[in-house]
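Each chain is listed here by its residues.
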Amino acid sequence: MFGCKCFYWNSISDSFPSQPKSFSLPSQLPQWPQGQGFATGRIPFGELEVLNITKFECVWSYCPPNEKTKGATFYRPVDIPDGFFSLGHYCQPNDQPLRGYVVVARDVGHNCRGEKHLPALAKPVSYSLIWSSDNLREEIHDGYYFWLPLAPEGYRATGFVVSNDPDMPSLEAVRCVRDDLTETCETYSMILKAPFCVWSTRPCDRGMMGKGVSVGTFFCSSHLSSGGKLNIACLKNLDSTLQAMPNLDQIHALIKHYGPTVSFHPKEKYLPSSVSWFFKNGALLYKKGGRVGEAIDSNGSNLPNGGNNDGEYWIDLSDDDQSKYLKNGDIESAELYVHVKPALGGTFTDIAMWVFCPFNGPATLKLGLLNIPLGKIGQHVGDWEHFTLRVSNFSGELWSIYFSQHSGGEWVDAYDLEYTEGNKAIIYSSKCGHASFPHPGSYFQGSHVVGIRNDAGWSNLLVDSSVKYQIVAAEYLGENSVIEPSWLQFMREWGPTIEYQSKAELDKIVGALPMFIRFSVENMFDKLPLELYGEEGPTGPKEKNNWFGDERW
């Protein structure tokens, strides 16, 4: 199929991937608790006001004849309200249900034209033809053309225009944005590799303080490499008040509506607990040079706060039988610790949910059909893991969930998640290591032949984050809105440095393997997360780089 004249609505079709516990895509609440600008459909950016368009008209759908790839479809936004202007067209792979958006904008500068005294938006002066389907060898009845808007001086284009006419598009088809209202963007995932290259984009400036806003448009090039600086930009939110972020009542409503259920593996020995349970039942604070640990108050008030991980203090278990009890955790006391923060310039809200396990179990090496327990390797006291819900501030819709997996992770779109109770996704926590996965199964760090096993499955060992949670931080609400618990300020290690987790211990195990498989295992080590054979103990949530920064994606 090379062309289409059909009209597409941005709705979820029945062509979802098979999901063993899926019921339906989560629906947003018909009305969120009252607040300033969350889920109202429009977000002020200072001189610009923007909204999401999720209704599209298909311009061109390309399906490669060799079917090695699924191809992609290109859309133009439709039903744009009066006064708003398109900033570019949209593209997505053909193997996904249509569920995207592009941002449209209008100038609300009210004679505030910045330092350059120019309007926020301007028409392009012309277009540059980037690629045409006339270059294809296949016989195509209609031609399709990809145009880069050429911005006037002081402005930048934020997306491309696709047409089926060899003549230049109308200068009214799109708007360029004054350059001080834009940020640099970068390519993210490849959408189409042939007959020419198309990528999704994301702001370079991300994280809690980042002002970059994804426009939802794509980048295209006739070359496989996107090169250095892109010739399109993303938007910048200059409204420091972040009016579209949810207030505290709306945060609670979001968690109660979308809060996932965490399923631990049916054979999991090392279950989660609350932090207070961990402290009450024997966790001890140690100081460098001391031999006896100090009991920790249930809220962590006697832990040293602030500073950095200087090795002066750490948390550990006692050497008696109580430590065995502590390692097993207490799932009845477990709760999710929630950090709420702006994402993508305040157009999304990230709800990071941290789960605490008193102990991380040992790793298992998969070697062909063999499973080799790695003894003490991989185990440590005080395991902090997390997943993150990304919610649209335009609509209040759950957009995706980030699954943290040791030293990396992945974003999974809402349509590809499994759900229980309709609106609540399932988070599968892997056996012993507690990494998060969107579906049950065996996941491998390395390869299916030689790798570290991460087994995840459904069980009755569940924690419902929509009920059992505590909001521990939401900095954008102000200092007095959420009181951070004392233990969150402990910036040192929640488990001691463990010498037996060194690379040398792994080398001993590998050395005992038959010679013909030793080489494959040794090569695999380069692909393993550093914490598997690192010597430093784990740190708490606020010490992680994704507390203030973006997730690793």
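Bear in mind that the values here come from a model prediction, so they are computed numbers and not experimental data.

Help me out: how do you make sense of the overall build of the protein in this one?
Scanning the protein from N- to C-terminus turns up 6 helices and 37 strands. Going through the 553 residues of the protein one by one, you find that 56% of them count as buried. Restricting to contacts in the protein with at least 6 residues of sequence separation, those with at least 24 account for 70%. Surface accessibility of the protein: about 24000 Å² in total, with carbon and sulfur atoms responsible for 49%.

Quick question: what am I supposed to make of the pattern of salt bridges here?
A side chain with one charge may pair with a side chain of the opposite charge, provided their charged atoms come close. Counted by the stated rule, this structure contains 18 salt bridges. A salt bridge links K236 to E183; the shortest N-O distance between them is 3.9 Å. One end of the pair, K236, is in strand β19 (residues 233-236); the other, E183, is in strand β15 (residues 182-192), and 53 residues separate them in sequence. Residue classification places E183 among the buried residues on the basis of a relative accessible area of 16%. Here R206 makes a salt bridge to D550, at a shortest N to O gap of 2.9 Å. Within this pair, whereas R206 is found in the loop between β16 (197-203) and β17 (212-213), its partner D550 is found in the segment after α6 (530-533), the two being separated by 344 residues in sequence. Residue R206 is classed as partly exposed on the basis of its relative accessible area, which comes to 21%. Relative accessible area serves as the criterion here: at 16%, D550 is assigned to the buried category. Each member of the salt-bridge network shares a partner with another, and the members are E186, R202, R206, D350, R390 and D550.

How do you make sense of the pairing of strand β24 (residues 336-343) when you look at a structure like this?
The side chains of a regular strand alternate, first on one face of the sheet and then on the other. β24 sits mainly inside the fold: 8 of its 8 residues count as buried. What you see with β24 is no split at all: L336, V338, V340 and P342 on one side and Y337, H339, K341 and A343 on the other are buried throughout. The sheet contact formed by β24 and strand β37 (residues 469-473) spans 4 bridges and is parallel. The residue of β37 that forms the bridge with H339 is A473. As judged from the 7 bridges shared by β24 and strand β25 (residues 348-360), these two strands associate in the antiparallel manner.

Would you take a moment to explain the confidence of the model for the protein for this structure?
Counting all residues, the mean pLDDT for the protein is 85, and 81% of those residues have values of 70 or more. Here residues 1-20 is modelled with pLDDT under 50, and outside its nearest four sequence neighbours on either side it reaches 53 contacts, counting other chains as well.

Is there a simple way to explain the side chain of S86 in this structure?
Tracing the chain through its elements places S86 in strand β6 (residues 85-86). A polar contact is formed between the side chain of S86 and the backbone nitrogen of G88, at a distance of 3.2 Å. Apart from residues no more than four positions distant in its own chain, S86 is found in contact with P77, I80, V104, A173, V174 and R175.

It is not clear to me how the sheet that holds strand β3 (residues 48-53) should be interpreted in this structure. Could you clarify?
Within a sheet, adjacent strands bond to each other through the backbone by hydrogen bonds, running parallel or antiparallel. Taken in spatial order, the 4 strands line up as β2-β3-β8-β6 in an open sheet, and their pairing is antiparallel. Whereas interior strands pair on both sides, the edge strands pair on one side only; in this sheet they are β2 (42-44) and β6. Pairing geometry for β2 and β3, over 3 bridges, is antiparallel. Paired with R42 across the two strands is L51, which belongs to β3.

For this particular structure, what's the right way to read the side chain of S429?
Mapped onto the secondary structure, S429 falls in strand β32 (residues 424-429). In this structure S429 comes out as buried when scored by relative accessible area, which is 3%. In this structure, S429 is in contact with V262, S263, F264, H265, H434, A435, D455 and A456, ignoring residues within four places of it in sequence.

I would appreciate a short explanation of unusual backbone geometry in the present structure.
Excluding glycine, residues mostly carry a negative phi; peptide bonds, for their part, are mostly trans. In this structure, D79 takes a positive phi of about 55° despite not being glycine. Mapped onto the secondary structure, D79 falls in the loop between β5 (72-77) and β6. For D79, a relative accessible area of 53% corresponds to the exposed category. A positive phi angle is found at H434, which is not glycine, with a value near 65°. Tracing the chain through its elements places H434 in the loop between β32 and β33 (436-437). The exposure class of H434 is buried, given its relative accessible area of 2%.

So what exactly am I meant to see when it comes to the packing of aromatic side chains here?
The relation between two aromatic rings is expressed through the spacing of the ring centres and the mutual angle of the planes. Summed over the entire model, instances satisfying the criterion amount to 38 aromatic pairs. On the numbers, 6.0 Å between centres and 25° between planes, the contact of W60 with W131 is stacked. Pair noted here: W60 is in strand β4 (residues 55-62) and W131 is in strand β10 (residues 126-132), with a separation of 71 residues, a long-range link. Just as W60 is buried, W131 falls in that class too.

The rules behind these values
- Residues numbered from 1 in each chain as written.
- Predicted model: local features only at pLDDT ≥ 70, side-chain atom pairs only at ≥ 80, totals over all residues.
- Heavy atoms only, no water.
- Helix = DSSP H or I, 4+ residues; strand = E, 2+ residues; numbered from the N terminus.
- Buried < 20%, exposed > 50% of the residue type's maximum accessible area, 1.4 Å probe, protein only.
- Contact = heavy atoms within 4.5 Å.
- Areas by Shrake-Rupley, 256 points an atom, 1.4 Å probe, with all protein chains shown as cover.
- Salt bridge = Lys/Arg side-chain N within 4 Å of Asp/Glu carboxyl O.
- Pairing = 2+ DSSP bridges.
- pLDDT = per-residue confidence, 0-100.
- Polar contact = N/O pair within 3.5 Å; in protein donor to acceptor, adjacent residues only side chain to side chain.
- Phe/Tyr/Trp six-rings, centres within 6.5 Å; stacked < 30°, edge-to-face > 60°.

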